[in-house]
Each structure stands twice: as structure tokens, then as C-alpha cells.
Amino acid sequence: MTALEIDQALSEIMKNKCEESKQKLACLPPNAKQERKALQIEMGMYGLLIRFGQLHDVKKGETPQEQREHVLYIREQMMLREKQMQNFPKFEAQYQQITDTEEKKRLIAAYHAEIQMRCQMVPNYLQQYQAAKSTNNAEETFEAGIKVAVVEEGFRLWEQWRIQHGVYPGLLG
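Residues numbered from 1 in each chain as written. Predicted model: local features only at pLDDT ≥ 70, side-chain atom pairs only at ≥ 80, totals over all residues. Heavy atoms only, no water.

(A) Just the overall build of the protein chain, in detail. Tallying secondary structure elements over the protein chain gives seven helices and zero strands in all. Counting from the amino terminus, helix and strand elements in the protein chain follow one another as α-α-α-α-α-α-α. On C-alpha atoms alone, the protein chain measures out to a radius of gyration of 17 Å, which is about the 16 Å that the 2.2 N^0.38 rule sets for 173 residues. Along the three orthogonal principal directions, the C-alpha set of the protein chain runs to about 55 × 35 × 30 Å. In the protein chain, the proportion of contacts linking residues at least 24 apart, taken out of those at least 6 apart, comes to 66%. About 9400 Å² of surface is accessible on the protein chain, with carbon and sulfur atoms providing 51% of the total. (Helix = DSSP H or I, 4+ residues; strand = E, 2+ residues; numbered from the N terminus. Rg over C-alpha atoms; globule rule 2.2 N^0.38 Å. Contact = heavy atoms within 4.5 Å. Areas by Shrake-Rupley, 256 points an atom, 1.4 Å probe, with all protein chains shown as cover.)

Shown next, in the form of C-alpha cells:
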């Protein structure tokens with residue numbers, strides 16, 4: 001499996017989850033306000049995993065393949081520049097061990113989105129959740145709790161896919 005195939009498969013997982021949430025939302029009656037809000041937040045979070053995690057909206061290059069290859073390059077540079085790997089020793093050791101450029105691209109495609117989210121977004125969501133809980137703010141606790149739960153579910157689904165396809169599973173634990 002190539003890096004681009006890995007990238008596409010992981011993006012598709014989140015697109016499918018976003019579509020599932022959209023379909024559930026369409027089936028809810030207008031007066032189910034709390035459920036509708038939860039699904040809207042869920043859709044937004046799955047979309048964030050695609051846009052921010054997978055950098056799916058970056059369009060440098062003429063063909064879709066060139067665009068995604070450029071994104072894989074950007075993703076690797078981001079990880080190196082922001083020193084994100086050091087937060088995940090197993091991943092960093094695997095990355096350092098690989099000498100083949102294409103294989104490194106596969107590893108980056110398999111993990112960058114999750115590492116990016118874990119380093120850049122999850123700490124904020126956890127902080128928001130804890131702050132809302134500590135002030136007994138039910139609405140903020142509800143919203144932040146959904147954000148944390150959806151991101152964790154996304155990570156679980158990506159890891160499940162990596163396990164099923166034998167693509168470097170278990171490097172973030």
C-alpha cells in the first residue's frame with residue numbers, strides 16, 4: 001500500500017463518519033435540539049480531523065495526486081519543525097529507523113493527522129472540558145465532552161484501520 005493510498009483510506013474513514021452524522025441529523029425532528037447540537041458538533045469534529053489533521057484542503061499541485069504528495073511532504077516537515085515526534089517515542093524510533101524515503105512517507109501518511117491533532121488540538125479540548133466540569137457549566141461540559149469523545153473515536157478508528165492493514169500499528173501508545 002502506498003503513502004497516497006494510506007492517506008486516502010484514513011481520510012475516507014473520517015468522511016464516512018461525517019456523512020453518518022449528517023444522515024443521523026437529517027432524521028432528527030427539529031425539536032430534538034440537544035441531539036441536533038451534538039450531531040452538529042460531531043460533524044464539525046470529523047471535518048476537523050480531515051481538514052486540520054489530514055490537511056485535506058491544501059491544493060498545491062495540478063493533479064489530485066500531486067496535491068496529496070505535496071501534502072505528505074508538508075506533513076513530514078511540520079512534524080520535524082514542530083518537534084512533534086518527541087512526544088511519541090515509539091513513533092520517533094520507527095521514523096529514525098527507516099531509511100527508504102517512500103517508506104517514511106507511508107509512516108507519515110499513517111500517523112501525521114493523529115499526531116497533529118494530539119499535539120495541537122486535543123490539549124485544548126481537554127482543558128476546556130476540565131474547566132467546564134470544574135465550574136459545573138453543563139452546556140460547555142456537554143460540548144467539550146463531545147469534542148473529546150469524537151476525536152478519541154477518530155483516533156480509535158484510525159488505529160483499528162492500521163491494525164487491520166498492518167500499517168505500523170501501535171506506535172502512539
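After that view of the structure, there is still more to cover.
(B) Layout of the pattern of salt bridges. Within the structure shown, the criterion is met by 12 salt bridges. Across the pair Glu12 and Lys15 runs a salt bridge, and its minimum N-O distance is 3.7 Å. In this pair, Glu12 and Lys15 are both assigned in helix α1 (residues 3-27), three residues apart and thus about one turn of the helix distant. Where Lys37 meets Glu139, a salt bridge forms, and the shortest distance between an N and an O atom there is 2.9 Å. On the criterion of sequence distance, the pair formed by Lys37 in helix α2 (residues 33-53) and Glu139 in helix α7 (residues 138-165) is long-range, its members being 102 residues apart. Overall, Lys37 belongs to the partly exposed group, its relative accessible area being 26%. (Salt bridge = Lys/Arg side-chain N within 4 Å of Asp/Glu carboxyl O. Buried < 20%, exposed > 50% of the residue type's maximum accessible area, 1.4 Å probe, protein only.)

(C) Representation of the confidence of the model for the protein chain. Looking at the protein chain, pLDDT values average 92 and 99% of them are 70 or higher. At the low end of the mean pLDDT range in the protein chain sits helix α3 (residues 64-81), at 82; at the high end sits α7, at 97. (pLDDT = per-residue confidence, 0-100.)

(D) Spotlight on the side chain of Ser21. For Ser21, the location among the structural elements is in helix α1. Accessibility expressed as a relative area gives 1% for Ser21, which makes it buried. At 2.4 Å, the side chain of Ser21 and the side chain of Glu42 are in polar contact. Not counting residues up to four positions away in its chain, the partners in contact with Ser21 are Leu39, Glu42, Met43 and Tyr46. (Polar contact = N/O pair within 3.5 Å; in protein donor to acceptor, adjacent residues only side chain to side chain.)

(E) Expanded view of the nonpolar core. One finds Met14, Phe91, Leu107, Tyr111 and Trp158 to be the most contacted residues of the largest nonpolar core, which totals 42 residues. Of all elements in the fold, only α1, α2, α3, α4 (89-97), α5 (101-120), α6 (122-134) and α7 reach the threshold of two or more residues within this core. Setting aside chain neighbours within four positions, we find Met14 in contact with Tyr46, Leu49, Ile50, Gly154, Leu157 and Trp158. (Core = buried A, V, L, I, M, F, W, Y, C linked by side-chain atoms within 4.5 Å.)

(F) Here's a closer look at the environment of Gln127. Following the sequence through the fold, Gln127 ends up in helix α6. Given the relative accessible area of 57%, Gln127 is considered exposed.

(G) Structural detail: α6. Between the first and last C-alpha of α6 there are 18 Å, a value that for 13 residues agrees with the 18 Å anticipated at 1.5 Å per step. Within α6, burial applies to Val122, Tyr125 and Ala132. One face of α6 carries all of its buried residues, which in axial projection span an arc of 95°. Summarising the geometry of α6, the exposed residues directed more than 90 degrees from the buried face are Gln127 and Ser134. Here the buried face of α6 lies against α2, α5 and α7. Of the residues trailing α6, Asn136 is marked for its positive phi of about 55°. (Expected span 1.5 Å × (residues − 1). Arc of directions from axis to C-beta.)

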